[in-house]
Every structure is written in C-alpha cells, then in structure tokens.
Amino acid sequence: MIDDLADATWDCELDDLFLRIGHRFGRADLRRRMRDYVRALLGPVGRKNGWQLAEHAGHRTPDGLQRLLNRATWNADDVRDDLQAYVADKLSEADGVLILDDTGFVKKGTTSAGVQRQYSGTAGRTENCQIGVFAAYATTHGRALVDRELYLPKSWTDDRERCHAAKIPDERCFATKPELARAIVLRALASPLPIAWVTADAAYGQEWRFRRMLEEAAVGYVLAAPKSQPVPRFGRIDYLLSQAPDEAWEQRSCGDGAKGPRVYDWAAVQLPVIEDFDGERPTHHRWALARRSISRPDQIAYYLAYAPVGTGVDRLVRVAGRRWAIEECFQAAKNECGLDQYEVRRYVGWMRHITLAMLAHAFLATTAAQAAAKGGAETVPPWSRSPWQKSAGSWQLAPHAGPAHPFASMR
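Residues numbered from 1 in each chain as written. Predicted model: local features only at pLDDT ≥ 70, side-chain atom pairs only at ≥ 80, totals over all residues. Heavy atoms only, no water.

Looking at this model, I keep getting lost on the environment of Leu 271. Mind explaining?
Position of Leu 271 relative to the elements: it lies in the loop between strand 10 (260-270) and strand 11 (277-278). Remark: the alpha-carbon pair of Leu 271 and His 285, spanning 14 residues in sequence, is separated by 7.2 Å. (Helix = DSSP H or I, 4+ residues; strand = E, 2+ residues; numbered from the N terminus.)

Written out as structure tokens, the structure reads:
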C-alpha cells in the first residue's frame, strides 16, 4: 500500500502511469479525480467504499468520485488498452501466459447490472452476485489483471428495459463465459502483450470452440478438462490416461507455491492426430496430461494441450501451474485495491471501477517486480495392444493406435 512514507520511486512510477492514461480524460478535473481515485485504491483505507475513498483523497463528499465512475465522459476500454501496454512494457516476456478465469462479487438487491442468484466459485455456492470474466498476464517477472467482462445472464439480456435502466449497451446480448473469454483473448492477441500460451480451468478448456480459436491463432495452450472430456479416437480422457504405464508417471513441479514447489505425479502423452502443418512437417502437437496428487492419488486433474513441435513435458506442466497466478491476482486486487468493494449499480460504473482497480493492481505488480529485480534474486478393460510408446524422451500414442483400439467404438 501507499502510505505517508512511500519513497520517491513509487511516486515517480505512479506519475508515469498517470501520464500514460491522462489523455483518456478530457478535462483537468477528471484527471485529478482519476488520480485521487487510484491513489485512494492504493492507500491504507480499511473499507474502500465511496466515503472512505473520498476521505482519503481529501474530498468533503464522495460526489466527485461517483461522477467519475457514473456520469463523466471517458472510455474504460481505452484505459484498458493503456493498461495492457503498461503491463507489456513492465512485465512482458516472449513466453508470456494469458490466464482466463471468473470471479464473483456478492451483492444485495436486484438492480446492479448482471446480478442474480448464480453459482460463484469465489463463494463456493449459489449467491446473489455478479460474475466477472477476467484475464491475467503472467511471466517470470510478475502477474497482473489485463482485461475484464461482466457476465450478463439471460434474465438480464432478455429484459431490455432492465438493461436500459442499468445503462447496459444495446449491443450487449447474451454471451456465455467462454464466449466472453474468446473475445478477451482476441483483444489480448491484438495488444502489445507477447502471448505464447493460454491456460484456464475446465469451464473454458472443455469448449472446443475456445480451443480451436487458439489453434487457428497458433497460440499454445494447456487447458484443464473434465474427466469425461472426449479425446478423438480414444474415448474419455480419464480412460486414456488410466492406461498409462507406471513408468509414465513422473514427479514434476508445476511452480512454486506458498509452501514451496508444487510437486505432483504427472503423465503426458502426445496424441497422434495432427492437423496443423507447414508444408509436410507438423508445426504443433496435441497432448493429453494428468496431474495426480502424491498424498491422495485418487485426486487426478486432466488437461488438453497444444504446443509447438519440440515442446517438452516440463514446459507444459509449468504452463498448467501458471493458472494459479490469476487466483493470486484476484486476492491481491480485492485485498489491496478494492476490486470488490465498489458501490456502483450501473454497467458503466462497474466497468470503470474494475478497470481502475486493475490499473492499481498492475502498478503494485510492476513495483514489486522492480523491487525483486533490484534485490537480485474409473475401471476399464486392458488394451490388447498398448498405444503408449516412448520416443525422444516423451510418451506418445503410436500412429497405429485408435481404430483397432476398443475405444474406437466409443467415438
């Protein structure tokens, strides 16, 4: 957080960020309010609601900050674009990973845009809440939230009068969360962010349209999948990986957690179906992976992956492990930057607050990266002929496997 003893480096970096986005606010008073709002989001404010933010900013009432969010003339998407350029300048690397996930915002009443009783993974139950779909960008330097969309259930999009009252644009029709995620990914790919990989949980990974979009863009992915996920020619993914020989399971770390390296047993198999070629040579391979808990081997998670030829299993495992970074972003943005502590009901106010909170979080991420740099430091019948073969140090499914396999009848 920023406090009265914040050093000059912080102030200089924050001023640089404000200069980047200042041109998005047409008047001097709007620029001052924007600066006050972001500084207050970063400040030592117990509950970052309108009155407390205004008090920290030295305002007599929250009216000015509320006007910034609700009625002032500026475009949150333009600021989002500047945010992505800022993160690209400060945290990017060629092997950057884009992470998709959603988070819930518990709200009372029925008038806040998109609110209804719906399942929230954040709360772990059905709550009266809003759901936002987000993207985070992660590299070895740090991670930050870089895009957002408000999920609008059909109870909203089918009621245009309700949408009009909440200032939801006429063009916003119903879109599933994976459809929102696809739009976010396409924007990110068109941004300055270097993106080599995309990862997400099974809610997104099970969507073939989402996977195919990434393949058409030649972007690698490691996406979680449900155990019932079909694998062409081999049936369910859990059936396929349950036949992995014991020696195919290897302990690998998918990254460091709060208690050190996150080590699991992993099995990975290269799938024989390849559709992407450069002339006669394949450019990418598809994979199926399983992650098994060492202490509780009945707990197994599954993944589908798409990677350039020559990518090793360790790299796929590391990308899979990056998915936790967005949870860390959510926690930090909510705890430190008031991401979930807004008092706006209209769509435009939600987009503006969330964007400015993301901007504040990106500032924290970049200053942390700079400080670190300065510091230097189920049961199935056995196969009559196993398709698992080891070649060049990785497990693959032999080209002959499939049609002769018992699972061929399950396609």
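Is there a simple way to think about the side chain of Gln 84 in this case?
Among the structural elements, Gln 84 can be located in helix 5 (residues 76-91). What makes Gln 84 buried here is its relative accessible area of 2%. A polar atom in the side chain of Gln 84 sits 3.0 Å from the backbone oxygen of Val 146. Here Gln 84 is in contact with Val 146, Asp 147, Arg 187, Ser 191 and Leu 193, once residues within four sequence places are set aside. (Buried < 20%, exposed > 50% of the residue type's maximum accessible area, 1.4 Å probe, protein only. Polar contact = N/O pair within 3.5 Å; in protein donor to acceptor, adjacent residues only side chain to side chain. Contact = heavy atoms within 4.5 Å.)

Explanation requested: the packing of helix 4 (residues 63-70) against helix 14 (residues 347-375) in the structure shown.
One can describe the packing of helix 4 onto helix 14 by two numbers: an axis separation of 7 Å at closest approach and a directional angle of 105°. In terms of orientation, helix 4 and helix 14 fall into the roughly perpendicular class. Contacts from Leu 68, Leu 69 and Asn 70 of helix 4 reach helix 14 at Val 348, Gly 349, Arg 352, His 353 and Leu 356. Here the residues of the contact of helix 4 with helix 14 sort into four nonpolar, three polar and one charged. (Axes fitted to C-alpha atoms, helices over the stretch in contact; angles between N-to-C directions. Parallel < 35°, antiparallel > 145°, perpendicular 65-115°, else oblique. Nonpolar A, V, L, I, M, F, W, Y, C, P; charged D, E, K, R; others polar.)

How do you make sense of the side chain of Arg 172 when you look at a structure like this?
Structurally, Arg 172 is set in the loop between helix 7 (160-165) and helix 8 (177-189). With near-sequence residues (within four places) excluded, Arg 172 lies in contact with Glu 149, Leu 150, Leu 152, Thr 157, Arg 160, Leu 180 and Tyr 347.

Looking at this model, I keep getting lost on the nonpolar core. Mind explaining?
One broad rule of soluble globular proteins: the nonpolar side chains tend to lie buried together. By size, the foremost hydrophobic cluster in this structure holds 109 residues, and its most contacted members are Leu 100, Leu 145, Phe 210 and Leu 356. For this core, the element with the highest residue contribution is helix 14, accounting for 14 residues. Residues contacting Leu 356, with those up to four places away along its chain left out, are Met 34, Tyr 37, Val 38, Leu 41, Leu 68, Leu 69 and Trp 74. Judged by nonpolar contacts, the second largest core, of 16 residues, contains Ala 244, Trp 249, Ala 288 and Ala 290. (Core = buried A, V, L, I, M, F, W, Y, C linked by side-chain atoms within 4.5 Å.)

For this particular structure, what's the right way to read the pattern of salt bridges?
Pairing between side chains becomes possible if they bear opposite charge and their charged atoms approach one another. According to the stated counting rule, one finds 28 salt bridges in the structure shown. The closest approach of N and O atoms between Arg 24 and Asp 78, which form a salt bridge, is 4.0 Å. Within this pair, whereas Arg 24 is found in the loop between helix 1 (8-22) and helix 2 (28-42), its partner Asp 78 is found in helix 5, the two being separated by 54 residues in sequence. Overall, the relative accessible area of 28% leaves Asp 78 in the partly exposed class. Shared partners join several salt bridges into a network, and the residues in it are Asp 77, Arg 80, Asp 81, Asp 147, Arg 148, Glu 149, Arg 172 and Arg 187. (Salt bridge = Lys/Arg side-chain N within 4 Å of Asp/Glu carboxyl O.)

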